[in-house]
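Structural description and commentary
Given next are the chains, with one letter for each unit.
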Amino acid sequence: MTKPPLTLYLAAPRGFCAGVDRAIKIVEMALSKWGAPVYVRHEIVHNEYVVDDLRAKGAVFVEELDECPTDRPVIFSAHGVPKSVPAEAAARQMLYVDATCPLVSKVHIEAERHHENGLQIVMIGHAGHPETVGTMGQLPDGEVLLVETPADVATLDVRDATRLAFVTQTTLSVDDTAEVVAALQTRFPAIVGPHKEDICYATTNRQEAVKAMAERAEAMLVVGAPNSSNSKRLVEVGARAGCAYAQLVQRATDIDWRALDGIRSMGITAGASAPEVLVNEVIDAFRARYEVTVEIIETAQENVEFKVPRVLRERV
Ligand code: SF4
């Protein structure tokens, strides 16, 4: 039986960012330096495949520090941690390595600098996401107020409307965040913030590529995990840019083939924590059913790389 033709648009950039790459490298290098087990507080990056792979190599994933023994190294995830976490590790005399993405650490430093200047901080982010918890936890309770939507801005109860700064989570939708920033600036004209916002290069680039792809593809799949903020934003950006069917899939087995019946063009991208092996798995699933022609939609080139902490670069 002949297969129907399908143009498969592949977004570039897609998948792993420099922060995720570094965090995974940190766990692998820690395992080779200190042997197994190495403890990791929270999923190192939000992807089950990556976590399972590291678990098979000897990493033990826990949610809280008190689940770790004091005689084994512990690594903090790429999303960042509240100040209380390294403080507790130091108090328990544990060996710890911080895999917080340098672009998240930059936001932590920004928040601290504003606090030192006497400003109260408004954080634009998602409640309960580990990055938001980590950034808010850089300062004492009450010093960082969280908003998620423009509606939240209207009800914000601040200490002094003339002494405010804002920071953002790094993995938000660029367009949604611009709306929240505009609402903040309207209600608090004196509020200070970063030049644009703190959304990182990887998030921005992946969203731009999705917008370009949405103009051509009838349907779109984002390879990523349901707890990955940047992956979920890619689905929203695709849908908002006019793609009639935009879905998140973790693996090829999640593809709803019935929903894709009759399509002739398809877009594929991946969140910053999704490995390329899973993108290839999805492409192969399409090749099995269609006569596929791949077209790359490239909107940016990336050459960002972050160094791993010195302790892992030193010889034993
Ligand atoms: S998505 Fe951005 S902030 Fe998050 S780990 Fe990647 S580069 Fe860092």
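Residues numbered from 1 in each chain as written. Predicted model: local features only at pLDDT ≥ 70, side-chain atom pairs only at ≥ 80, totals over all residues. Heavy atoms only, no water.

**Digging into the site of the ligand**
- Surrounding the ligand, one finds Cys17, Gly19, Cys101, Leu103, Val104, Thr170, Thr171, Cys200 and Tyr201.
- The cavity that encloses the ligand is the largest cavity.
- Classifying every residue of the shell around the ligand gives six nonpolar, three polar and no charged. (Near = heavy atom within 4 Å. 1 Å grid on protein atoms, 1.4 Å probe; cavity = no way out; pocket = protein on both sides within 12 Å on 5 of 7 lines; lining within 4 Å. Sits in = over half its atoms within 2 Å of the grid points. Nonpolar A, V, L, I, M, F, W, Y, C, P; charged D, E, K, R; others polar.)

**Concerning the nonpolar core**
- Ranked by internal contacts, the top residues of the largest apolar core, which has 26 residues, are Val27, Ile44, Val45, Leu54 and Ile75.
- Looking at this core, the elements with two or more residues in it are α1 (18-34), β2 (38-41), α2 (48-57) and β3 (59-62).
- Among residues more than four places away in sequence, those in contact with Ile75 are Ile26, Val27, Ala30, Val38, Tyr39, Val40, Arg41, Ile44, Val97 and Ala99.
- By size, the runner-up hydrophobic cluster in this structure holds 23 residues, among which are Leu10, Ile255, Met266 and Ala274. (Core = buried A, V, L, I, M, F, W, Y, C linked by side-chain atoms within 4.5 Å. Buried < 20%, exposed > 50% of the residue type's maximum accessible area, 1.4 Å probe, protein only. Helix = DSSP H or I, 4+ residues; strand = E, 2+ residues; numbered from the N terminus. Contact = heavy atoms within 4.5 Å.)

**Topic: the packing of aromatic side chains**
- One pass over the full model with this rule turns up three aromatic pairs.
- With a centroid separation of 5.2 Å and an interplanar angle of 25°, the aromatic rings of Phe76 and Tyr96 are classed as stacked. Here the residue Phe76 occupies a position in strand β4 (residues 74-76), and Tyr96 occupies one in strand β5 (residues 96-98), the gap between them amounting to 20 residues.
- Between Trp257 and Phe286, the aromatic rings sit 4.9 Å apart at their centres with planes inclined by 65°, giving edge-to-face as the arrangement. Placement of the pair is Trp257 in the loop between β10 (245-249) and β11 (265-270) and Phe286 in helix α10 (residues 276-289), with a sequence separation of 29 residues.
- Joined through ring pairs, the aromatic side chains of Trp257, Phe286 and Tyr290 make up one cluster.
- The residue whose ring lies beneath Arg289 is Trp257, and the NZ or CZ to ring-centre distance is 4.0 Å. (Phe/Tyr/Trp six-rings, centres within 6.5 Å; stacked < 30°, edge-to-face > 60°. Lys NZ or Arg CZ within 6 Å of the ring centre and 35° of its normal.)

**Focus on the packing of α1 against α2**
- For the pair α1 and α2, interaxial distance at closest approach is 10 Å and the crossing angle is 10°. The angle between α1 and α2 places the two elements in the roughly parallel class. Counted together, Ile24, Val27, Glu28 and Leu31 of α1 and Val50, Leu54 and Lys57 of α2 form the full contact between these two elements.
- A class-by-class count of the residues in the contact of α1 with α2 yields five nonpolar, no polar and two charged. (Axes fitted to C-alpha atoms, helices over the stretch in contact; angles between N-to-C directions. Parallel < 35°, antiparallel > 145°, perpendicular 65-115°, else oblique.)

**A few points about empty space enclosed by the protein**
- Using the criterion set out here, one finds two cavities of 30 Å³ or more in the structure.
- Taken as a whole, the largest cavity holds about 310 Å³ of empty space.
- If you go around the largest cavity, you meet 25 residues; those closest to its centre are Cys17, Val20, His79, Thr171 and Asn230.
- Breaking the lining of the largest cavity down by element, the ones donating at least two residues are α1, α4 (102-116), α8 (201-214) and α9 (229-240).
- Its residues assigned to classes, the lining of the largest cavity comprises 13 nonpolar, eleven polar and one charged.
- Put simply, the second largest cavity is a space of about 30 Å³.
- Contributing to the lining of the second largest cavity are Ala18, Asp21, Arg22, Lys25, Val304, Glu305 and Phe306.
- Its residues placed into classes, the lining of the second largest cavity shows three nonpolar, no polar and four charged. (Points joined across faces, edges and corners; volume = space filled by probe spheres on them.)

**What to know about the domain arrangement of the chain**
- Segmentation of the chain into domains returns domain 1 (5-16 + 201-298), domain 2 (18-101) and domain 3 (103-187).
- The C-alpha centroid of domain 3 is placed 27 Å from the C-alpha centroid of domain 2.
- Between domain 2 and domain 3, the residue contacts involve ten residues of the former and twelve residues of the latter.
- With both chains or domains summed, domain 2 and domain 3 bury close to 830 Å², and 56% of this area falls on carbon and sulfur atoms.
- The largest contributions to the domain 2 side of the interface with domain 3 come from His79, Lys83 and Cys101, which together make up 55% of the buried area.
- At the junction of domain 2 with domain 3, the criterion picks out one salt bridge.
- At the junction of domain 2 and domain 3, the tally comes to six residue pairs in polar contact (both at pLDDT 80 or more). (Domains from an automatic or database assignment. Buried area = accessible area lost by both parts, 1.4 Å probe. Salt bridge = Lys/Arg side-chain N within 4 Å of Asp/Glu carboxyl O. Polar contact = N/O pair within 3.5 Å; in protein donor to acceptor, adjacent residues only side chain to side chain.)

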